[in-house]
Each structure stands twice: as structure tokens, then as C-alpha cells.
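As a plain string of letters, each chain reads:
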Amino acid sequence: MSAREEILARIGKAVAGAADVEIPRDYRTAPQVEDVVGLFAERVDDYRAIVHVLPAAEVPARIDEAVAGRRMIVPDGFDRDGGWGDLDTADGVITSCAVAIAETGTIVLDHGPGQGTRAQTLVPDYHLCVVRADQIVAGVPEAIARLDPARPLTWISGPSATSDIELNRVEGVHGPRTLEVIIST
Amino acid sequence: MSATFLGMPGNFPKNAAKAVQDSQLRYNLRKATHTIRGKRANVVGELPDWQELRAAGKAIKDHTLRNLDRYLVQLEAAVTRAGGTVHWARDAAEANAIVAGLVKATGETEVVKVKSMATQEIELNQALAAQGITAYETDLAELIVQLGDDFPSHILVPAIHRNRSEIREIFLEKMPKVPPNLTDDPPALAEAARLHLRERFLKSKVAISGANFMIAETGTLVVLESEGNGRMCLTLPETLISVVGIEKLLPSWRDLEVFLQLLPRSSTGERMNPYTSMWTGAVEGQDFHLVLLDNGRTDVLADEVGRQALRCIRCSACLNVCPVYERAGGHAYGSVYPGPIGAILTPQLRGMSSDLDASLPYASSLCGACYEVCPVAIDIPEVLVDLRAKAPHAAAERAGMKVAGWILNDHQRLARAQRAASRLRGLVPKRLPGPMSAWTDTRDIPEIPEESFRDWWERNERA
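Residues numbered from 1 in each chain as written. Chains lettered and ligands numbered in written order. Predicted model: local features only at pLDDT ≥ 70, side-chain atom pairs only at ≥ 80, totals over all residues. Heavy atoms only, no water.

Caption draft 1: Examining the overall build of chain A more closely. Each helix and strand in chain A was counted, giving 4 helices and 11 strands. Relative to the 2.2 N^0.38 estimate, which gives 16 Å for 185 residues, the radius of gyration of chain A is 21 Å and therefore markedly larger than a compact globule would have. Seen along its three principal axes, the alpha-carbon backbone of chain A occupies a region of about 65 × 40 × 40 Å. Expressed as a percentage of the 185 residues in chain A, the buried residues total 56%. In chain A, the share of contacts with a sequence separation of at least 24, taken over all contacts with a separation of at least 6, comes to 65%. (Helix = DSSP H or I, 4+ residues; strand = E, 2+ residues; numbered from the N terminus. Rg over C-alpha atoms; globule rule 2.2 N^0.38 Å. Buried < 20%, exposed > 50% of the residue type's maximum accessible area, 1.4 Å probe, protein only. Contact = heavy atoms within 4.5 Å.)

Caption draft 2: Layout of the side chain of Thr298(B). Tracing the sequence through the fold places Thr298(B) in helix 13 (residues 297-301). Once residues within four sequence positions are removed from consideration, Thr298(B) is found in contact with Ile7(A), Arg10(A), Ile11(A), Ala14(A) and Ile246(B).

Caption draft 3: Spotlight on the pairing of strand 11 (residues 178-184) of chain A. All names here are of chain A. Counting buried positions along strand 11 yields 6 of 7 residues, so the element is predominantly enclosed. Inspection of the sheet shows strand 1 (residues 50-54) paired to strand 11 by 5 bridges, in the parallel sense. For His52, the partnering residue across the bridge sits in strand 11 and is Ile182. (Pairing = 2+ DSSP bridges.)

Caption draft 4: Just the environment of Ala190(B), in detail. The residue Ala190(B) is located in helix 10 (residues 186-203) in this model. For Ala190(B), a relative accessible area of 0% corresponds to the buried category. Taking C-alpha positions, Ala190(B) is 43 Å from Arg388(B), a pair spaced 198 residues apart along the chain. The residues contacting Ala190(B), other than those within four sequence positions of it, are Thr162(A), Ile165(A), Val170(A), Gly172(A), Val173(A) and Leu140(B).

Caption draft 5: Looking closely at the interface of chain A and chain B. Listed per partner, the contact involves 72 residues of chain A and 90 residues of chain B. If you look at where chain A meets chain B, you find 13 salt bridges. A salt bridge links Glu76(B) to Arg4(A); the shortest N-O distance between them is 2.7 Å. Applying the counting rule to chain A against chain B returns 37 residue pairs in polar contact (both at pLDDT 80 or more). Elements with a minimum of two residues in the side of chain A that touches chain B: helix 1 (3-15), helix 2 (36-46), helix 4 (140-146), strand 8 (153-156), strand 9 (161-165) and strand 10 (168-171) of chain A. Of the residues in the side of chain A that touches chain B, the class split is 34 nonpolar, 19 polar and 19 charged. (Salt bridge = Lys/Arg side-chain N within 4 Å of Asp/Glu carboxyl O. Polar contact = N/O pair within 3.5 Å; in protein donor to acceptor, adjacent residues only side chain to side chain. Nonpolar A, V, L, I, M, F, W, Y, C, P; charged D, E, K, R; others polar.)

Caption draft 6: A nonpolar patch on the surface, seen in detail. All names here are of chain B. Taken together, Phe453, Trp456 and Trp457 make up a surface patch of nonpolar side chains, about 360 Å² in accessible area. Topologically, Trp456 is positioned in helix 23 (residues 453-462). By relative accessible area, which is 36% here, Trp456 ends up partly exposed. (Patch = residues over 30% accessible without salt bridge, like charges linked within 9 Å, V, L, I, M, F, W, Y side chains within 5 Å. Areas by Shrake-Rupley, 256 points an atom, 1.4 Å probe, with all protein chains shown as cover.)

Caption draft 7: Inspection of helix 3 (residues 59-67) of chain A at higher detail. Residue and element names in this part refer to chain A. Looking only at helix 3, the buried set comprises Val59, Arg62, Ile63, Ala66 and Val67. Looking straight down helix 3, one finds that the buried residues subtend no more than 120° of arc, so they occupy a single side. Its buried side turned inward, helix 3 meets strand 1, strand 2 (72-73), strand 3 (92-95), strand 6 (126-132) and strand 11. Trailing helix 3 by a residue or two, Gly69 shows a phi angle of about 80°, which is positive. (Arc of directions from axis to C-beta.)

Caption draft 8: Looking closely at the packing of aromatic side chains. Counting across every chain of the model gives 6 aromatic pairs over all chains. The interplanar angle of 40° and the centroid separation of 6.0 Å between the aromatic rings of Phe453(B) and Trp457(B) together place this pair among those described as tilted. Residue Phe453(B) and its partner Trp457(B) are located together in helix 23, separated by 4 residues, close to a single helical turn. Ring-pair connections join several aromatic residues into one group, and the members of that group are Phe12(B), Tyr325(B) and Tyr333(B). When the ring centre of Tyr126(A) is taken as reference, the NZ or CZ atom of Arg70(A) above it lies at 3.5 Å. (Phe/Tyr/Trp six-rings, centres within 6.5 Å; stacked < 30°, edge-to-face > 60°. Lys NZ or Arg CZ within 6 Å of the ring centre and 35° of its normal.)

Caption draft 9: Structural context of the state of the cysteines. Taken as a whole and judged by the stated rule, the model has 0 disulfides over all chains. There is no disulfide at Cys318(B), and the cysteine sulfur nearest it, in Cys370(B), is 6.4 Å away. (Disulfide = S-S within 2.5 Å.)

Caption draft 10: A look at the UniProt feature "domain: Lactate utilization protein B C-terminal" (unreviewed entry) in chain B. UniProt's entry tags residues 389-460 of chain B with the feature "domain: Lactate utilization protein B C-terminal" (unreviewed entry), counted in the numbering of this structure. Here residues 389-460 of chain B is 57% helix and 0% strand, with 40 Å between the C-alpha atoms at its ends. (UniProt positions renumbered as here; feature names shortened; annotations may be inferred.)

Caption draft 11: Spatial organisation of the sheet that holds strand 1 (residues 85-89) of chain B. All names here are of chain B. Ordered in space as 1-10-7-4-2-3, the 6 strands form an open sheet in which the pairing is parallel. Looking along the sheet, the strands with just one partner apiece sit at the ends: strand 1 and strand 3 (134-137). Adjacent strand axes in the sheet meet at a mean angle of 25°, parallel and antiparallel pairs treated alike. Where strand 2 (residues 110-113) lies against strand 4 (residues 206-209), 2 bridges are found, and the strand directions are parallel. Pairing of Val112 across the sheet is with Ala207, part of strand 4. Against the sheet, helix 5 (residues 92-106) touches strand 1, strand 2, strand 4, strand 7 (239-245) and strand 10 (287-293), its axis set at about 145° to strand 1. (Axes fitted to C-alpha atoms, helices over the stretch in contact; angles between N-to-C directions.)

Caption draft 12: Local environment of the pairing of strand 2 of chain B. Where strand 2 of chain B meets strand 3 of chain B, 4 bridges bridge the pair, whose relative direction is parallel. Opposite Lys113(B), over in strand 3 of chain B, you have Glu137(B) as the bridge partner.

Caption draft 13: Region of the structure containing the side chain of Glu225(B). All names here are of chain B. Mapped onto the elements, Glu225 comes out in strand 6 (residues 220-225). Within the local environment of Glu225, its side chain forms a polar contact with the backbone nitrogen of Glu227, the two atoms lying 3.5 Å apart. A distance of 3.4 Å separates a polar side-chain atom of Glu225 from the backbone nitrogen of Asn229. When neighbours within four sequence positions are excluded, Glu225 is seen to be in contact with Gly230, Arg231, Asn273, Pro274 and Tyr275.

Caption draft 14: Spotlight on the nonpolar core. Membership of the largest hydrophobic core comes to 136 residues, with the highest contact counts inside it found for Trp155(A), Phe171(B), Leu256(B) and Leu290(B). Apart from residues lying up to four places away in sequence, Phe171(B) is in contact with Leu140(B), Ile144(B), Leu147(B), Val178(B), Leu182(B), Leu189(B), Ala192(B) and Ala193(B). Counting residues in hydrophobic clusters, the runner-up holds 21 residues, among them Val103(B), Ala118(B), Leu128(B) and Ile241(B). (Core = buried A, V, L, I, M, F, W, Y, C linked by side-chain atoms within 4.5 Å.)

Caption draft 15: Highlighting the sheet that holds strand 8 (residues 249-250) of chain B. Across the sheet, 8 strands lie side by side as 7(A)-4(A)-5(A)-8(A)-9(B)-6(B)-5(B)-8(B); this open sheet has mixed pairing. Whereas interior strands pair on both sides, the edge strands pair on one side only; in this sheet they are strand 7 (136-137) of chain A together with strand 8 of chain B.

Shown next, in the form of C-alpha cells:
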């Protein structure tokens, strides 16, 4: 018998006669949050990321200020002019996102237009992410519903961190040490 | 998983007795577990629907386990459709052989690893070393353990038994090119690890990971982490091999909405862990292999009481609240799965033929704190008691229990026995001789009263 057949047979025998289980779904699937933008900004700030909440018209100037003096990767589809940087020598990357979650302060990239490849948001030390207010949902269930599992997905909650030394949180290990988020309202 | 994993052939009471003598270890553990307990309680308290999420998590896992064969076949089809290759492994040896074969086929002799309990359980690093392949751990805590020729002592933070000055010593001694003026400041230690691993990430061609979840419906694999070492390993190498226990399955994409709330809050006490990577099949040109691991899991599934241990999502909340773990430390359990969950999972996965494994169901005071914090409501005390009944018992103990049963089953016999005990109370020693000394080594013999309650009642109430 192949390993596959044998494992499947063992499972069939182990659960034979066991009753099936109903899954209760009475947890919150759409949490009521009055100010999702405010809560998202507060929760991202909690991770010691840099956060700005700005009207859309002021975003380009803020980006210019943030990237001044840095060699940046600008992924295809990011709606500002710019050239490609080199992964190894770039100082930073600028991206948009697919969805953001207020309750957990999380940004999700699906690596679609303007979000670069997985490596581009990982190797450079600085990540600047522009989040549109209409991309922010209140909780995790709404984010899951908006995402396509067929795409590679990267969920980011603050900069790289470790708690391995005496359980003290230290920012910046292998991923970008600085995460800057501009919320465009 | 061999019974000699930690080079501790003894049993839990012996290992624990040694560990509690180590005041540095007790201090490190107390500080760490109390920190994480507080953080967890805060972020769990933020969610008004925590109990509903917990009930859903428990039910999703039970439903999956009940239909595990069907969902595994569905997962296999989805992963294959998305360009991945699925392998099945009955036991550790089979899984290790599959992984070694896949690495050799790439022509590489070095691999980078994302921290994974499954690969520790099957001792993959040692098996690869025997085939001339070097596996480099990239999680900071795993790196500390690997460089220190040490063993992990916690599911989530394997180096929890080490403090900053001990970590600095290990780095200075074992890390090439480490700055000689390295301080024991945690950011400085993290920076040293970053420099040490960066080049390895960029040049590695093969990576090995586990997974926190696999989605049957879509074939998606999910890894939660904090440092970015996981993202590095999962993203940059050309070949990715994931070794995953068959119980890590969830039926549908939607189920992640429950577990992505339960896991981070229970494990690190954060609203969300810094990084989560999800991929479905071969992503961005990578060659992807999934090794599905049984290694005793189907035996656990066959046990009606014990199978709930397979709901475990390895959050380690039970370790952090356990008064026994806090004092004895992870090494005393002699397994990659320490603490309360280890006390029920290890003897089920390995059987109870060794002295160590038979002692694990007793590594608990049955206080129930582990059950209370478990995000998937595993009734650990219930399983512990069930396993105690199944554990092998010495002939003297079995005979003693038989006599006790005979006495307790008849009230007249009990009354006579109590009277006899009262009369002989002066002769009872402080410590019992022979095989019964194991009991009195760790407990005081209760004082036997001059008169039993029965006799007192007879004298006072009947008269």
C-alpha cells in the first residue's frame, strides 16, 4: 500500500462512527467601528510604525519628503513616475496595498499592480505604504472576504520584530526595520 | 521522534527535580511567562466575541478531524492544480527521506529553515546532516539554540530559558564575524543576528518550512511569524519544501477569519503577528513541494478522548500559564512539545513504553489553567486523567489499588481499616520504604487522626 493510501485508510478507521460537528459562526463578522481610519492609524502606531493621515491632495508632497535622499524601488503600476531600483542596493520600496484592517493595524499586499513582488517589499530596509481610506475594513473577517487566495499574500503588522530575547519586543530583525504608512483620506 | 530527544533518559519528576535547583532558569522562565501572560490577557480582553471565536475554532477543528481523509484529498488536488507537488509520509523516517531526496535533486548541500515544530519532531536537521546536507535555522531563538548546541524549551520561544547575557556569550563564542564589543542589549543582539543571516538568505537556493494552516478548498499554505526570516526563506529560494502535520488542515478559506484572530492573540499576545505569508502552489516561479506527515497522528485520532489534542494550533498559551512548566522548564518534558500540551501530545504520539513518556501524564497539578486559555478549548486535564489510567502501572501499585478498591467498596471493611489505621498511627514513618518512596519523596504523609469521623459520629450523634 502506498503511504497515501495507508494514511487515508488509517484516518477512515480512526473516525469511523464518530459524529460530525456543526460549526457555530456567531462571532462578529462585521465589527462596528465608528472611525476605521482613526482606529487603523492608532493600531499601526502601536507597532511603532510611522503613520500619517492626510487628504489625498497632500499625499504626493508627503511622499516626496519621505523618499528624499533614498534610492527607492517603485513597482510597476504604482501611480507615480519612477524608475526601478536594484533589490540589493535600494534603500527602500514604495507600494500601495490590497486591503487594510483597523482592529489589528494590518496591511495586506496581494502583489498586484503597485505592490511589487514579495521580495521587493522584503529586502530593502524601508517600506513606505500608501493606504486609501476606502481600503480599510474594520476586522479580519471582512479582509478575508475581500482577498483572493489564488494570489500570493503578505500580511504586514508593523515593522519586523522579535520577542525572542526575554520576551522583549525588538523592532527590526530581517524584514524592513522602518515601516511608514500614509493613509490617504 | 526518539525518546532520547533531549538526552534525558530519566522521567519527568527526576528531570523537574534537577531543573528547579537552577535559580537562573527559574528566574528567566518566571519573568518571560508572566510578561506574556499579561499581554495575552490584554489583547484577548479587547475582543467581545472571544468565546464565540473559541467555540468556532474548536468546532472547525473537530469537523476537519472527523472528515480528515476527504479534506486531505481535496487539499492534494488543489495544491497539484496550482503547480505544487504533494508527498505523503507515514513516519519520520519516510518524511526525512523524501526531504533529503528533494534537496539532493537540486544539487544543493545547504538549506535555510523556517522554525517548524514538525521538522523538529522528525529530527530533520540530524537526518539531513547524515546525508551531507547542512540545515541553517533562521529564527532568532532557533539560531540561539542551534549555536549553543542546546535544545528548544518552549514551542514559540525556544530560547526562553536563556537571558540576554547568556545569549551574548553564545554569540561571541559561536558567531563568526561578530563585533567583539557586542553588548547584551536586545537590539544589539538582534542586529548581530541580522548581519549573520542576511548573506545566507540572499544566496540560498532551497528552503524548508512547516505551516500553521493549510486550506483544503484552495490549497493555500499559511505561515505566521514576526522577524521576516520566514518571509525571506519562503520567498527568495528557488525550491520550497514544506513539511506539515496532517492535522494542520482547515476546510475553507473563510475559516482563516477565526484562526487569524485566535492564534496571534493567544501566542505572542499581539493583535496580529508582524508577518503572515500565504501561498497557493508554485508562486512566482518557485518549485513547491508539500510533505504531509502522519507520524503517529492517526493513532491519536483513533483515541476518542485524546484526539482533541490534534486541535492544537501550537500557540503555547498553555505553557505560559502552567505552574508546573514555569518551575520545571521545557527540557524536563524530554520532547519538542513541552508544557501541558506536550504532556498529552507526546505520550500519544510516541506511546507510553518508555519511563519518560509514561511519566508525562503526571506532569501536572490538574489546576485547569491550560484549558481556560486554550483558544481551541482542548480539555487538557481530561486527557491527562484518561492517559494516567492508560499508562503502565507497577505490579505493587496495581496490587495496592486492588486492595484499596476492595476496602472502599464495603463500608464495614472501611470502618475496620480506619480503626486499624488509627491504632497504628504512631508507627507510620515520615517516608515510606521501597517503591512507595516515590510518593513520599515529594509529599508529606497526612497525619492519621486518633479517631475516624465515622467513630466520632457514632459516639456523639447516636448517643
